[in-house]
Amino acid sequence: MKTTRCFTTMALAVAALVMSCNDDEKNKPVAVTGVELNASTLSLLVGTDTTLVATVTPLDAENTLVEWNSSDPEIASVVDGKITAVAVGGPVTVTVTTNDGGFTATCDVTVTAPPETFVSPEDVTVTTICGSVGTANGTLQRAQFGMAQGIAVASSGIIYVGDNVNYRVQKVDVAGDNVSTLAGPPPAMFIMMAPGGYINATGEDARFSNLIAIALDAAGNIYASDLENSAIRKITPAGVVTTFAGGDPKQVGYADATGTAARFNKPYGIAVDGDGNVYVADSENYRVRKITPAGAVTTLAGSGAQGTSDGNGTEAQFSGLHGLAVDRAGNIYVADGSRVRKITPAGVVTTLAGEGEGFVDGNGAEARFGSVADIAVDANGYLYVTDMSNNCVRRITPSGVVTTLAGTGTAGSNDNTGDAATFNHPAGIDIDAEGNLYLLDASTCKLRKITFNN
């Protein structure tokens, strides 16, 4: 009997152990064995989005968190599977990775431009925000400028103006009905009587000489081409002025170096890309320069000899560098006399539009400009240029088709629809987040606005 009871007890113990093991196996988490995406390739238009779906196998697997990444978020970004087409380019590889086992799946995304659109001059309206010839600050109605050419529009709606003969940077608060001085001397009794010079300081103690162009970075810092000082100045939102690159004090020349060891010769147009790199049209050196956020200056394109040759980097030539702009993909567009040139991030220079002086709308080389002063580029890659000597604003599609957006070709200051409005030597131009254009009429010292009616 004892032996029987012993075997019975052992059998029960083994059964309990087996049941326990089965329960443990049953309760053991199911491991991830792979992950798949619902598409391996996608083609999106700029400005659109779609959602990728990641399926982890097996379906009952636990710990199924995934991480999304884009190889180039400036072309296509991804957040929790939502792909947003930012700029033309690609393919961009979107990767999803599981946190359990590190399994991955990828999708190649190409971003293309939508069919080109054309805007009739009747569909735009030109108005005057403020300005007349003088030096006064105050309300919009009272404010005055002196041959202002540089302009930059902040995301907040504040408009900054580089007043080159009053030697100051002005802050235009349209909503607050106020124009004030951010940096540079206070208003003088008469135009061109303010003290210029070269002083790094704060606010009204700072001094400039010919602020020809300005640009903003993402943090709200202003970069200014100080033409006669051959330097790039930096102005913080609080008005603190320093020399970002170029000789300090004024030293003219050509040298790629860092900060004040670099040399420029009458820097003109200026622009900032999404990574904080600053691009400068170095007019008398016939080169386009690049400055990193750390202040390292290099030559992106231009041989140093005056000319119109396209080419790679220093093989290319420029003839009359003025304003420039940079798009979301990092392409730089340069106003070069009566031509608009395009420079890729790698430094390859081509002519987008224009071939000789004139006033002709057309495709690429068929178009004619008088003298292109400045350029703005919108989120879809359309360019808006101020044709100074033709007293008008032109529009260029991404493929190079040029049309006249506003202005009659005759000098004036009439507010009206595009084909009835007039300008008087339009200079600096910029664009706000909603696509409205702002420009400065150099001869009338007016700040103008162009809105689209549809």
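Residues numbered from 1 in each chain as written. Predicted model: local features only at pLDDT ≥ 70, side-chain atom pairs only at ≥ 80, totals over all residues. Heavy atoms only, no water.

*Asks:* Could you clarify how one ought to interpret the sheet that holds strand β18 (residues 241-246) in this entry?
*Replies:* Sheet strands associate in pairs through backbone hydrogen bonding, adopting either a parallel or an antiparallel arrangement. One open sheet holds the four strands; their spatial order is β15-β16-β17-β18, and the pairing between them is antiparallel. On the outer flanks of this sheet lie β15 (211-216) and β18, each paired with one strand and no other. If you compare each strand with its neighbour and ignore which way they point, the axes differ by 25 degrees on average. As paired elements, strand β16 (residues 222-226) and strand β17 (residues 231-235) share five bridges and run antiparallel to each other. (Pairing = 2+ DSSP bridges. Helix = DSSP H or I, 4+ residues; strand = E, 2+ residues; numbered from the N terminus. Axes fitted to C-alpha atoms, helices over the stretch in contact; angles between N-to-C directions.)

*Asks:* Teacher, can you tell me more about unusual backbone geometry here?
*Replies:* For the bond running from Gly90 to Pro91, omega is 5 degrees, close enough to zero to count as cis. Looking at the secondary structure, you find Pro91 in strand β8 (residues 89-98). Even without glycine at this site, Asp177 takes up a positive phi of about 50 degrees. Examined against the element boundaries, Asp177 turns out to sit in the loop between β13 (168-173) and β14 (178-183). Although it is not a glycine, Lys266 sits at a positive phi angle of roughly 60 degrees. Structurally, the position occupied by Lys266 is in the loop between β18 and β19 (267-272).

*Asks:* What am I meant to see in the packing of aromatic side chains here?
*Replies:* For any pair of aromatic rings, the description consists of the separation of the ring centres together with the inter-plane angle of the planes. One pass over the full model with this rule turns up two aromatic pairs. Centroid distance Tyr223 to Phe244: 5.1 Å. Interplanar angle 65 degrees. Geometry classified as edge-to-face. With Tyr223 in strand β16 and Phe244 in strand β18, the pair connects residues that are 21 residues apart, well separated along the chain. With 6.1 Å between their ring centres and 65 degrees between their planes, Tyr384 and Phe452 make a pair best called edge-to-face. Residue Tyr384 is located in strand β30 (residues 383-387), and its partner Phe452 is located in strand β35 (residues 446-452); the two are separated by 68 residues in the primary sequence. Take Tyr384: its relative accessible area is 4%, and that puts it in the buried class. With relative accessibility at 25%, the residue Phe452 sits in the partly exposed group. Lying across the ring of Tyr254, Arg287 places its NZ or CZ 3.7 Å from the centre. Over the face of the ring belonging to Phe264 we find Arg289, whose NZ or CZ atom lies 4.8 Å from the ring centre. (Phe/Tyr/Trp six-rings, centres within 6.5 Å; stacked < 30°, edge-to-face > 60°. Buried < 20%, exposed > 50% of the residue type's maximum accessible area, 1.4 Å probe, protein only. Lys NZ or Arg CZ within 6 Å of the ring centre and 35° of its normal.)

*Asks:* Please explain the state of the cysteines as it appears in this structure.
*Replies:* Evaluation of the coordinates by the stated rule reveals zero disulfides. With no disulfide of its own, Cys130 lies closest to Cys445 among cysteine sulfurs, the gap being 11 Å. Cysteine Cys392 shares no disulfide, and the gap to the nearest cysteine sulfur, in Cys445, comes to 20 Å. Since its relative accessible area comes to 0%, Cys392 is described here as buried. (Disulfide = S-S within 2.5 Å.)

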